[in-house]
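Structural overview for review
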Amino acid sequence: MTEVNKENSRESKESNITNSALYRDISDYAVSVKNVTKRYRIHYEKNPSLKETIIHLRRTKFIEFLALDDVSFDVKRGETLGIIGPNGSGKSTMLKLISRILQPTRGKVLVNGTISALLELGAGFHPDLTGRENIFINAAILGMKKRDVEKKFSEIVAFSELEKFIDMPVKNYSSGMYMRLGFSVAINVNPDILLVDEVLAVGDQAFQAKCYKVIYDFIKQGKTIIIVSHDLGTIQDLCNRVIFLKNGRIEQIGGPVAVVSSYREYVENIEMERAHEQQKEERKKIFQTIIENNQKVISGEDIDRLAATNLGSNVINRFGSGDAEITDIRLLDSKGQQIDYCKYGDEVSIEFDAVFKALVEDPIFGIRIVDFKGNTVYGTNNRLNNIVVGVLKQGDKIKVVFRNKIVLMGGVYYVSPAVGYKDFRTYCDWVNNMLTINVLKHEKAEGIADLNTNMSIEKSN
Amino acid sequence: MRLGVKDYAVFLISALLSWNFLSNSVSYGANCIVANSNLVNKIYFPREIIPLSVVFANLFNFILEMTALVIVLIFLGYDFYIYLYWLPVLIIVEFFLVAGLTLLVSALNVFFRDLSHLINILIMLWFFGTPIIYPINMVPEKFQAILRYNPMTTITSMFRNMFYNVKYPENLMWPTWKIVVVTLAMVAVIFMLGYYIFKKLEPRFAEEI
């Protein structure tokens, strides 16, 4: 409930900004990025040398890497912009271009106001100097006047919580202390535009809370902030606009909820592909051993291993002695109509048919449901349901029905039916991922299972 | 080496200090951008601050050394104050020469890392081509003309006039107007070239380091 409210307020904030920016005056923009392309040369040789150049009469070989490809966007004054994207998508390059550390190969970056870049905390600290001396040097490098540093000195030290160690050389600092001091200096430079690259995760919980408070104060003061982060929660909380970069191009730009969720989807897809690749390999190995050993009967362990390597709907694999054969599997709605998708709360049945080719005593009929990653979501059989079948002979046709209520979250699930022997270890027939169930998404929660939460918030003091 | 030079120590030091200012700045300055790669990669600031800080640090050393030299000269009874009014002019001219060279080599060294070795050799050659450890009249006449167009010849000999030759006025050698003009022109060209090349290459520093 609270989440929904937060989203609404953020979206309305955004529409306010678009309304107010009817006239397009450049001074409205803190940063304006116009058709920026950045191409890196990556040299094969480590250090360029004059000797090599003279010998080869040219610079050494290099390959070109397109870090940013014709990117354009504007950041308005007082806006908090988030940049997300997979590794190598050009996020940090973008920040370096805005902070003028790098120059674009083509295009322009216009900046209105002073910039402080938190690209790496404590960059430029000299290990032999004390914390006090480094504060002055670092602040000077970041563009602060000596008088201002003197005025703010105690504030900087208090923020970093390093009062006891401030006259100690920073080479004796722990990495946490080092980062805290760097952060304290950088945020006290008091710029118009703050660039933050994945550096909010500094120090303990209390210090992080302080960092976030500072960032919120910046937002309240109407300063412009550009944040690069993989922490999507932070991005959603802080930003009123988000850019999703992919391979150096803007994939999507817009409100934080929409962009973050489409980035999440993208990451999930990648993960799925990766998982499938891995599973393919794993599956190959299992098959190989089974074929090599000329196994007719496979064990429960193999079934477990195979279930964990499901490949998706269109690849079916089966194992077993062949004493029974599973001929068909169906998903039916409550009226008995065959369906291929369902939604949360639906009453559905999973049915499968089996034909026996030999006499089997007390067979076990079961299903196993896995998600796309191969995690078992649910599994059951007649023994667990206290149904005893008795002896089945050659030619017997059996229909097995599982009536379920779908309490799964949205996503793709696979069903593997099986007919097993009563020893629970060997199988007549087992078909991997014979049926695919698509459960429609509903947006109230995330994960696999729906716990049907009824949420309330109250003050307890 | 019998040079027939009286007070050889003073003779040498009077010119050597100004040479050291140049050679220390240039040879240390060659590596200064690369050595500060952590700053160049992470923070934006005008990059010329790095080589210029090297030059100013060496200039400060140079002034301290001259102060020490002056104290020694007082005890030795040199009238060093007679031509002391030349000092600010000389320092400024040499500063521009040193700054231009340091900017040039610091920028080029980012792209050719072995340049610093070459520079040390070139500086050594230049050292022997400048009358510092020997008086210029020891050099055969025909080479003297060439040596006089070396800007460091003019600068070091002016320092020598100021500190050493005051006691031996027969050695005083004032450069001709032509030499002065050529020296100043060379200093100006070197400074502007160094600054121009530095500015031209500066945007690519962060990627090359």
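The coordinates are above.
To keep things clear, this report deals only with the structure shown in the data block. Since we're looking at a predicted model, the values are computed, not measured.

Each helix and strand counted, chain A has 10 helices and 21 strands in total. A fraction of 72% describes how many contacts in chain A between residues 6 or more apart in sequence connect residues 24 or more apart. Carbon and sulfur atoms form 50% of the exposed surface of chain A, whose accessible area is close to 24,900 Å².

Residue and element names in this part refer to chain A. Despite not being glycine, Asn 35 has its phi angle at roughly 45°, a positive value. The residue Asn 35 is located in strand E1 (residues 29-43) in this model. What makes Asn 35 partly exposed here is its relative accessible area of 43%.

Here the focus is the pairing of strand E8 (residues 241-246) of chain A. Residues and elements named next belong to chain A. Counting buried positions along E8 gives 5 out of 6 residues, so the element sits mostly inside the fold. Pairing of strand E3 (residues 80-84) with E8, which is carried by 4 bridges, proceeds in the parallel orientation. Of the residues in E8, the one forming a bridge with Leu 81 is Arg 241. As defined by bridge partners, E8 adjoins strand E9 (residues 249-254) across 5 bridges and the pair is classed as antiparallel. Bridge pairing links Ile 243 to Ile 253 in E9. Where E8 folds back onto E9 in an antiparallel hairpin, the turn is made up of 2 residues, including Asn 247, whose phi is positive at roughly 50°.

All right, on to the sheet that holds strand E13 (residues 347-356) of chain A then. All names here are of chain A. Pairing is antiparallel across the open sheet formed by 3 strands, whose spatial order is E11-E13-E18. Edge positions in the sheet fall to strand E11 (324-332) and strand E18 (397-405), since each of these pairs with one other strand and no more. Put simply, the sheet's adjacent strands are angled 15° from each other on average, direction ignored. Looking at chain direction, E11 and E13 are connected through 8 bridges and run antiparallel.

Buried accessible area, meaning the area lost when the parts come together, often serves as the stated size of an interface. Across the boundary between the two partners, chain B contributes 21 residues, which contact 24 residues of chain A. At the boundary of chain B with chain A, total buried surface from both sides reaches about 1,900 Å², with 59% on carbon and sulfur atoms. On the chain B side of the contact with chain A, Lys 42, Tyr 44 and Glu 207 of chain B bury the most area, a combined 32% of that side's loss. Put simply, Lys 38 of chain A and Glu 207 of chain B hold a salt bridge, and the shortest N to O gap is 2.5 Å. In this structure, the connection of chain B to chain A is made through 2 residue pairs in polar contact (both at pLDDT 80 or more). Breaking the side of chain B that touches chain A down by element, the ones donating at least two residues are helix H3 (37-42), helix H5 (86-111), helix H6 (115-128) and helix H10 (205-208) of chain B. With 5 residues, H3 of chain B is the single largest residue contributor to the side of chain B that touches chain A. When the residues that make up the side of chain B that touches chain A are grouped by side-chain class, the tally is 12 nonpolar, 2 polar and 7 charged.

Moving on, we get to the nonpolar core. In terms of nonpolar packing, the biggest core is built from 137 residues, with Ile 84, Met 94, Ile 135 and Ile 226 of chain A together with Phe 159, Phe 163 and Phe 205 of chain B touching the most fellow members. Among residues more than four places away in sequence, those in contact with Phe 163 of chain B are Val 10, Ser 14, Met 66, Leu 69, Val 70, Leu 73, Tyr 78, Phe 80 and Leu 84 of chain B. Of all hydrophobic cores here, the second largest spans 30 residues; its members include Phe 352, Ile 398, Leu 408 and Val 415 of chain A.

Attention now goes to the packing of helix H6 (residues 175-188) of chain A against helix H7 (residues 205-220) of chain A. Residues and elements named next belong to chain A. It is the contact of H6 with H7, at a shortest axis distance of 12 Å, that shows an interaxial angle of 15°. One way to sum up the angle between H6 and H7 is to call them roughly parallel. Our pair here, H6 against H7, has a crossing hand that is left-handed. Contacts from Arg 180, Phe 183, Ser 184 and Ile 187 in H6 reach Phe 207, Cys 211, Val 214 and Phe 218 in H7. Considered class by class, the residues forming the contact of H6 with H7 number 6 nonpolar, 1 polar and 1 charged.

Each value, and the rule that gives it
- Each chain carries its own residue numbering, running from 1 in the written order of its sequence.
- Here chains are named by letter from A upward and ligands by number from 1 upward, in the order in which they appear as written.
- This being a predicted model, a pLDDT of at least 70 is required before a residue's local features are given, and a value of 80 or more before pairs of side-chain atoms are given or counted; all residues contribute to the totals for chains, interfaces and linings.
- No hydrogens and no water enter the side-chain calculation; it runs on all heavy atoms of the structure.
- Segments assigned H or I by DSSP are reported as helices when at least four residues long, segments assigned E as strands when at least two residues long, and all are numbered from the N terminus.
- The contact criterion used throughout is that any non-hydrogen atoms of two residues lie within 4.5 Å.
- Note on areas: Shrake-Rupley, 1.4 Å probe, and residue coverage restricted to the protein chains presented here.
- Accessible area is worked out with a 1.4 Å probe on protein chains only. A residue is then buried under 20% of its type maximum, exposed over 50%, and partly exposed in between.
- For two strands to be treated as a pair, DSSP must find at least two bridges joining them.
- To get an axis, fit a line to the C-alpha atoms, keeping to the stretch in contact for a helix; angles then go from 0 to 180 degrees between the N-to-C directions.
- What counts as buried area is the accessible surface, traced by a 1.4 Å probe, that two parts surrender upon association, with contributions from both included.
- We define a salt bridge as a side-chain nitrogen of Lys or Arg found within 4 Å of a carboxyl oxygen belonging to Asp or Glu.
- N or O atoms closer than or at 3.5 Å make up a polar contact, with two conditions inside protein: a donor-capable atom paired with an acceptor-capable one, and, for residues adjacent in sequence, both atoms drawn from side chains.
- Under the scheme applied here, ten amino acids are nonpolar (Ala, Val, Leu, Ile, Met, Phe, Trp, Tyr, Cys and Pro), four are charged (Asp, Glu, Lys and Arg), and all others, including Gly, are polar.
- What we call a nonpolar core is a set of buried Ala, Val, Leu, Ile, Met, Phe, Trp, Tyr and Cys residues that are connected through their side-chain atoms within 4.5 Å.
- Here the word oblique covers every angle except those under 35 degrees (roughly parallel), over 145 (roughly antiparallel) and from 65 to 115 (roughly perpendicular).
- Take the far helix as your reference; a near helix turned counterclockwise from it by less than a right angle gives a left-handed crossing, and one turned clockwise gives a right-handed crossing.

Function cannot be inferred from these measures alone, as they are strictly geometric.
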